[in-house]
Protein chains: 2
Amino acid sequence: MVTSDLETAAVPELPARQPAVARGDGLLRDRQIGNLGLESGLELPGVRIAYESWGRLNPDASNAVLIQHALTGSTHVARGDSDEAGWWDGLVGPGQAIDTERYFVVAANLLGGCYGSTGPSSIAPDGAPWGSRFPFVTLRDSVRAEARLADELGIGHWHAVVGGSMGGARALEWAVSYPERVRHAVVLASCAASTAEQIALAQAQVLAIEQDPDFRGGDYYDGPIPAAGLGLARRIAHISYRSEAELGQRFGRSAQPGEAPVSSRRGPGRGAQRYQVEGYLDHQAAKLVQRFDANSYIVLTEALMSHDVRRGRGDLHSALARAAGVGFTVAAVSSDRLYLPAQSEELAAALPEPTPVHRIASDVGHDAFLLEIAQISALLGEIFT
Amino acid sequence: MVTSDLETAAVPELPARQPAVARGDGLLRDRQIGNLGLESGLELPGVRIAYESWGRLNPDASNAVLIQHALTGSTHVARGDSDEAGWWDGLVGPGQAIDTERYFVVAANLLGGCYGSTGPSSIAPDGAPWGSRFPFVTLRDSVRAEARLADELGIGHWHAVVGGSMGGARALEWAVSYPERVRHAVVLASCAASTAEQIALAQAQVLAIEQDPDFRGGDYYDGPIPAAGLGLARRIAHISYRSEAELGQRFGRSAQPGEAPVSSRRGPGRGAQRYQVEGYLDHQAAKLVQRFDANSYIVLTEALMSHDVRRGRGDLHSALARAAGVGFTVAAVSSDRLYLPAQSEELAAALPEPTPVHRIASDVGHDAFLLEIAQISALLGEIFT
């Protein structure tokens, strides 16, 4: 691992180190951003931030857009030149609401993640994976790392920073931490500070992983992964991402095809006879286990629990006053029970300028920020003219 | 273990085998009810049902009331002559809404439970605990067992069967299974059938226990109990028992006193620096682990998942038509997100007689059925005149 001793000030000078980024839309790249001082006081050495981009940065670097992924999301926002569908394909691309023929779109992997940025599965300077030694990081640490990446890419300011859920929290942190570098912040299905309930659900997820014997305190990279624990964490989370009505309409009390949940074959240690909603959650769990690192899940969940735009900045009004001049777009999903519309209202009411809360009408729940592309496209029309 | 070969028909004759029950309010007793044929087709031998009672059965056995506990509840509804507070002390007792000077109140432990009734921690006929061999049981099995207990106690019909949550589901099953034996059914914070979401949350809880290595497939009675898994199950459940607002108002983002959740001492494998809501849930988990058996938690959770008053009885209207003649009192907690008020509405709308849904006004969430004694007392005024 190449490390860098580059030290960057909080609001760095912006020499465009590599202004002409070669196009290769939706292909994973990374940059070394050097040692990163963390909010906790520790320093993480030799940090690498992975990213993808779409489109071209224009000569005055005025058309850059940062898209922030959510907890288990990745940098792969849109297909671009890759073979893989992106998670916001309908929103980001040539001719889409965020038109990559006009904007240079960047998506960075969260600090602590497992999609290319330095995280617990990365190799530490001693040649072994960080594992249990990976430090606690906050969303602000991630945003600071992203600011370094922007420096590296020659991006002095973002036309917009856009995110939903944990990505929305980071968009907000960007606006408050670096207001002079953000023209518009788009905060979807998110909040000003993680709530007691969000923390409670997060704790259950973290414990689900930590209690898996294969977790081994976080140092499992030489053996089986804590698949059962990570799968359980995902089940708990996924329920919160969907509405009661959605689960009811899709699954009701139906049995998994070919299985008989009300039968003598069900019971302790024999739970193979499932309701359909159990089969669905088993599938969600298995999918995540295949693609995500359990330590990263914990690190990012802990980072999300730490989210509080007020920390060290006074009350919510005072904290948000720092973002004067940033244009905000705030939207909530009507059926969201994890990031309640009331939390978006609370955020919007404390912003420096009067800001309406748009509603994303959906019965699905929180995940609508990934699904309701047409509505989100319409919301973004004013910013991406 | 003494077993009985008594076979009881679905609606048995009612010889008052022991009509004069000695008073000893709130003290645990039990009765052998013989072998019990289960809905799954299996037979559970030598079943014992534990119960407590308060007051005296009058000579014509017309003043009996059955109070049904919830998932992890017990028979100890009221203090009575015991040294221990009851979970509905303000509702049941001399001079209370359910006046034990006038009514003979009985509370039975659920089949499969761990408060005295035959369950997975009971000794099977071969002299070893049932453990993993304990069969899948349904709420109807439990109600059938309770009907046998009623026979044993000389109770031909109940003046009322009263319950909240899983207790409400059993009250409903009583009314539909034995309408001629129930004058009033009081169904609080419950529903006609467990929903996809309730099943999803239940699955997560069951997996939390089964994935604990100390669970050992359910045969852990000769070793450490699966405390971590049961504790996690309780955390998941407890969040669902409380409202977002209640957790927010009580705990917000406060740190557990003396701890620092946003610090370098937090992180994978080091989660000792807690938010206050985490400390609260740790406490709830520890309390349950001390008093409840993990196998019973699974068996009863599976029984609750199976709850569907319609099973084998046609649609909801047809199923409930069996309870014609039973007076229903239905109430929902305004802030309940586990048993949504809409589910009480759905139940009430399908009852044979027009039945209003009363609202228990509370910000606490589902657990208000245990807490809002004054409101529940008022609801019961018409029945317990």
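Note that the structure is a prediction, hence the values are computed from the model and not measured.

(A) Region of interest: the interface of chain A and chain B. On the chain B side, the residues contacting the 63 residues of chain A number 63 residues. Between chain A and chain B, roughly 4,700 Å² of surface is buried when both sides are summed, and carbon and sulfur atoms account for 62% of that area. Linking chain A to chain B there are four salt bridges. Taken together, the links from chain A to chain B amount to 18 residue pairs in polar contact (both at pLDDT 80 or more). Of all elements in the fold, only helix H3 (196-210), helix H4 (227-241), helix H5 (244-250), helix H6 (276-291) and helix H7 (294-305) of chain A reach the threshold of two or more residues within the side of chain A that touches chain B. Residue contributions to the side of chain A that touches chain B peak at ten residues, all from H3 of chain A. Residue composition of the side of chain A that touches chain B, by class: 29 nonpolar, 20 polar and 14 charged.

(B) Region of the structure containing the side chain of His-76 of chain A. Within the element layout of this structure, His-76 of chain A appears in the loop between strand E3 (64-68) and strand E4 (92-93). Apart from the residues lying within four places of it in its own chain, the contact partners of His-76 of chain A are Gly-26, Glu-52, Trp-54, Ser-82, Glu-84, Ala-85, Gly-86 and Trp-87 of chain A.

(C) Main features of the side chain of His-366 of chain A. Tracing the backbone through its elements, the reader meets His-366 of chain A in the loop between strand E10 (357-360) and helix H10 (368-371). Setting aside residues no more than four positions away along its own chain, His-366 of chain A makes contact with Ser-165, Ala-189, Ser-240, Tyr-241, Val-333, Asp-336, Leu-338 and Tyr-339 of chain A.

(D) The arrangement of the relation of the copies chain A and chain B in detail. Overlay of chain A on chain B (RMSD 0.0 Å): rotation 180°, translation along the axis 0.0 Å. Accordingly, the operation relating the two chain copies is best matched by a two-fold axis. Same-surface contact between copies: 100% of interface residues of chain A are shared with the interface of chain B.

(E) Molecular detail of the packing of H6 of chain A against helix H3 (residues 196-210) of chain B. H3 of chain B packs onto H6 of chain A with a crossing angle of 55° between their chain directions and a minimal axis gap of 9 Å. Classed by the angle they form, the pair H6 of chain A and H3 of chain B counts as oblique. Note on packing geometry: the crossing formed by H6 of chain A with H3 of chain B is right-handed. In this structure, H6 of chain A uses Val-277, Glu-278, Leu-281 and Asp-282 of chain A to contact H3 of chain B, whose residues at the interface are Ala-196, Ile-199, Ala-200 and Gln-203 of chain B. Grouping the constituent residues of the contact of H6 of chain A with H3 of chain B by class yields five nonpolar, one polar and two charged.

(F) The environment of Gly-248 of chain B, seen in detail. Among the secondary structure elements, Gly-248 of chain B is positioned in helix H5 (residues 244-251). Separated by 75 residues in the primary sequence, Gly-248 of chain B and Ala-323 of chain B have C-alpha atoms spaced 41 Å apart.

(G) Geometry of the domain arrangement of chain A. Residues and elements named next belong to chain A. Per the domain assignment, the segments of chain A are domain 1 (29-194 + 308-380) and domain 2 (198-302). Look at where the C-alpha atoms of domain 1 and domain 2 centre, and you get two points 26 Å apart. Both sides together, the interface formed by domain 1 and domain 2 hides about 2,400 Å², and carbon and sulfur atoms give 57% of it. Area buried by domain 1 at its contact with domain 2 is led by Leu-71, Thr-72 and Arg-337, which between them contribute 25% of it. Our count for the domain 1 to domain 2 interface comes out at one salt bridge. We note a salt bridge from Arg-242 to Asp-367, for which the minimum N-O separation is 3.1 Å. Counting the contacts that link domain 1 with domain 2 gives 16 residue pairs in polar contact (both at pLDDT 80 or more). Of the residues in the side of domain 1 that touches domain 2, the class split is 18 nonpolar, eleven polar and three charged.

(H) Representation of the nonpolar core in the model. Of all hydrophobic cores here, the largest spans 191 residues; its most connected members are Phe-328 of chain A together with Phe-328 of chain B. In this structure, Phe-328 of chain A is in contact with Leu-172, Ala-175, Ala-185, Val-187, Ala-323, Leu-351 and Thr-355 of chain A, ignoring residues within four places of it in sequence. Of all hydrophobic cores here, the second largest spans 30 residues; its members include Ile-67, Trp-88, Ile-376 and Leu-379 of chain A.

(I) Molecular detail of the pattern of salt bridges. One pass over the structure, following the stated rule, counts 42 salt bridges over all chains. A salt bridge links Asp-282 of chain A to Arg-235 of chain A; its shortest N-O distance comes to 2.6 Å. Placement of Asp-282 of chain A in helix H6 and of Arg-235 of chain A in helix H4 is noted, with a sequence separation of 47 residues between them. Taken as a pair, Asp-282 of chain A and Arg-235 of chain A share a single burial class, namely buried. Taking the shortest distance from any N to any O, the salt bridge between Asp-308 of chain A and Arg-253 of chain B comes out at 3.2 Å. With Asp-308 of chain A in the loop between H7 and helix H8 (316-321) and Arg-253 of chain B in the loop between H5 and helix H6 (276-291), the pair connects residues from two separate chains. Residues joined in a network through salt bridges with shared partners are Glu-39, Arg-140, Glu-173, Arg-311 and Arg-313 of chain A.

Rules behind the numbers
- In every chain, residue numbers begin from 1 and rise along the written sequence.
- Both sets of labels track the order of writing: A upward for chains, 1 upward for ligands.
- Whole-chain, interface and lining totals are the exception, using all residues; otherwise, since this is a predicted model, local features are given only for residues with pLDDT of at least 70 and side-chain atom pairs are given and counted only at 80 or more.
- Heavy atoms from the whole structure form the basis of all side-chain values; hydrogens and water molecules are not counted.
- Contacts are assigned to residue pairs that have any heavy atoms within 4.5 Å of one another.
- As a working definition, buried area equals the accessible area (1.4 Å probe) given up by two parts on being put together, with both sides summed.
- A pair is scored as a salt bridge if a Lys or Arg side-chain nitrogen falls within 4 Å of a carboxyl oxygen belonging to Asp or Glu.
- Each polar contact in these results corresponds to two N or O atoms within 3.5 Å; when the atoms are within protein, one needs to be able to donate a hydrogen and the other to accept it, and residues that are neighboring in sequence are counted only if both atoms are side-chain atoms.
- A run of DSSP states H or I qualifies as a helix once it reaches four residues; a run of E qualifies as a strand once it reaches two. Both are numbered from the N-terminal end.
- In this count, Pro and Cys sit with the nonpolar residues alongside Ala, Val, Leu, Ile, Met, Phe, Trp and Tyr, while Asp, Glu, Lys and Arg are called charged and the others, Gly among them, polar.
- Alignment of the copies relies on least squares applied to C-alpha atoms, considering only residues that score at least 70 for pLDDT in both.
- Angular values range over 0 to 180 degrees, each being the angle between N-to-C directions of two axes fitted as lines to C-alpha atoms, with helices fitted over their stretch in contact.
- Each angle receives one of four descriptions, namely roughly parallel if under 35 degrees, roughly antiparallel if over 145, roughly perpendicular if within 65 to 115, and oblique otherwise.
- Left-handed describes a crossing in which the near helix is turned anticlockwise from the far one by less than a right angle; the clockwise case is right-handed.
- Domain boundaries shown here were taken from an automatic or database domain assignment.
- Put simply, buried Ala, Val, Leu, Ile, Met, Phe, Trp, Tyr and Cys residues joined by side-chain atoms within 4.5 Å make one nonpolar core.
- Accessible area is worked out with a 1.4 Å probe on protein chains only. A residue is then buried under 20% of its type maximum, exposed over 50%, and partly exposed in between.

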